[in-house]
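# Observations on the three-dimensional arrangement
The residues making up each chain are set out below.
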Amino acid sequence: MNKKQFSIRKSFQQRLQFSRFYTLHQRSLSEITKWQNEAVRDLVRHTYHNVPLWHELLVRLDIDPECFSGLDDLHRLPITDKSFYFGNAFDDYLDSSRSIRTPLTTTSGSTGKPLQLFPSDMILNPYYCFFSRFRFLVWKNNRIQPISSIRSVFIRGTQIYYGENVLFIKGSDFLNQIDDSIERIRAFHPDVIDTNPSFFLRMAQALARNQRGPLNIPYALSVSEILLPEVRNFVETTIGCNIYNRYASEEMHGIATECDMHDGMHIHPESVFVEIVDTNGHAVADGNEGRVIATNLINYNMPFIRYDTGDRGIMRFEPCACGMCTPRLWIEGRRGASLQFDGRPIDRMEFEIAIRHLTNHILQFQIVKTGPSDLLIRIIPSQRFTGETSDYIRKKMRDVVGPHVDIEIELVESIAQMPSGKSQTIVDESKVV
Ligand SMILES: [Zn+2]
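Residue numbers here run from 1 along each chain, matching the order of that chain's written sequence. Only residues with pLDDT of at least 70 get local features here, since the model is predicted, and only at 80 or more are side-chain atom pairs given and counted; chain-wide, interface and lining totals rely on the full set of residues.

### A short note on the nonpolar core
- By our criterion, buried Ala, Val, Leu, Ile, Met, Phe, Trp, Tyr and Cys residues that link up through C-beta atoms within 7 Å make up a nonpolar core. Partly exposed residues are those whose C-beta has more than 12 but fewer than 20 other C-beta atoms within 10 Å; with 20 or more the residue is buried, with 12 or fewer it is exposed, and the C-beta atoms are placed from the backbone. Ala220 and Val274 are the most contacted members of the largest nonpolar core, which has 93 residues in total.
- Summarising the domain contributions, this core has at least three residues from each of domain 1 (3-96) and domain 2 (338-428).
- The contact rule is simple: place each C-beta atom from the backbone, and if two of them lie within 7 Å, those residues are in contact. In this view, Val274 contacts Ile255, Ile267, Val292, Ala294, Met315 and Leu329; residues no more than four positions away in its chain are not counted. Where each domain starts and ends follows an automatic or database-derived domain assignment.

So this is what it looks like as structure tokens:
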């Protein structure tokens, strides 16, 4: 390691050691910006010296890392996406100065080719992992101390947390033995349950069907999918929990989490820098919707800089009623697969946006292409769903798919889930023989 590499790593480590890493999210916007400026500067310098692909890009753009000012210079770098990471040797994206200790992981691949990646060394730090996930409990000055003693239930595809205070239930086991799983959770007396809206919905439906009392779990973390308001109400009442919405991805780890106000998700400023841009990549005004672009400030193994999450959202900088100044994020649409009608690919987001005003009428939906010109919409209705809702959905979907597609609506009790537990919002059954 040469002297320059050493000094960059040392400065990164020093920043992590300061308690301000764990308290930054509660500080003023100017302190947050100052910290993020340093973090971006360190990251860009690190990539220049240690990551071949980024080195080549910075040289090509004539960017001298020693003169890179931080956030104000970030726009000089291009917006990247998954395609940036395909096509070259995998090692070219990685820190070449040392061996990587974190396990190789893979994105879900819901938009096509999955991306393999090495997460930050920080995921090897159990305190960081709990802090990243359960920081809303820190904000609450919660009785549960220390944070690692939180009794938590995770329902998901693969296990990532272990310990005597963790109950892990594999998604497929949960679906196969839902009543048994619920009783295991009840007997465990958790403080928090962490899963996606589809599993929360299944659990609430099972409790309602069996007329079993609520589980009375103080907190719930909802991840992976958009949480519809009607699902939130139904789940909170039936399971007996207070849901906190969270936004995360494999590439960024935790990005944002709700506070007690449940009015947008506070960005995790020590770990990620978020920008909202328009279709041309220009920053939008505060509160306007656009593409969510994120820079992972702590992943030195495989850097993600100005990375297009594929999701759309809104960011606001005004202080929250909870008192924190960390910008808040609202995710309006998550990336997903697309369906092709009349030669035009239609992204899941277009379907979601078409019916987002009906979220009080729908618990869950699935858009299915059943033939070259046939669209089926499966819906788990809420109690507010009426014939008028059905007519409205048909009309909005007609605007999306065009006049030549036959649209059918089917009301169902459940929708199939993938092994990871995510529901499949977009399905092409037209090619099934
Ligand atoms: Zn807040």
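Additional details are given in the paragraphs that follow.
### Considerations on the environment of Glu350
- Along the chain, the position of Glu350 falls in helix α10 (residues 348-354).
- Glu350 sits in the partly exposed class, given 17 other C-beta atoms within 10 Å.
- With 51 residues separating them in the primary sequence, Glu350 and Val401 have C-alpha atoms 9.7 Å apart. Strands here are runs of E lasting at least two residues and helices are runs of H or I lasting at least four, both read from the DSSP assignment and numbered beginning at the N terminus.

### A few points about unusual backbone geometry
- Positive phi values are uncommon outside glycine, yet His262 reaches one of about 55°.
- Within the secondary structure, His262 is located in the loop between β8 (253-258) and β9 (265-267).
- Take His262: there are 13 C-beta atoms within 10 Å of it, and that puts it in the partly exposed class.

### What to know about the pairing of strand β17 (residues 374-381)
- When strand β16 (residues 362-371) meets β17, the two strands line up antiparallel, connected through 8 bridges. Each residue of the ladder has a partner; that of Phe365, found in β17, is Ile379.
- The pairing criterion for strands is at least two bridges between them, as found by DSSP. Hairpin connection from β16 to β17: 2 residues lie between these consecutive antiparallel strands.

### Overview of the confidence of the model for the protein chain
- On a range of 0 to 100, pLDDT expresses the predictor's confidence in each residue. In this model, the protein chain carries an average pLDDT of 87, and 89% of its residues clear a pLDDT of 70 or more.
- The secondary structure element of the protein chain with the lowest average pLDDT is helix α1 (residues 3-17), at 57, and the one with the highest is strand β10 (residues 272-277), at 98.

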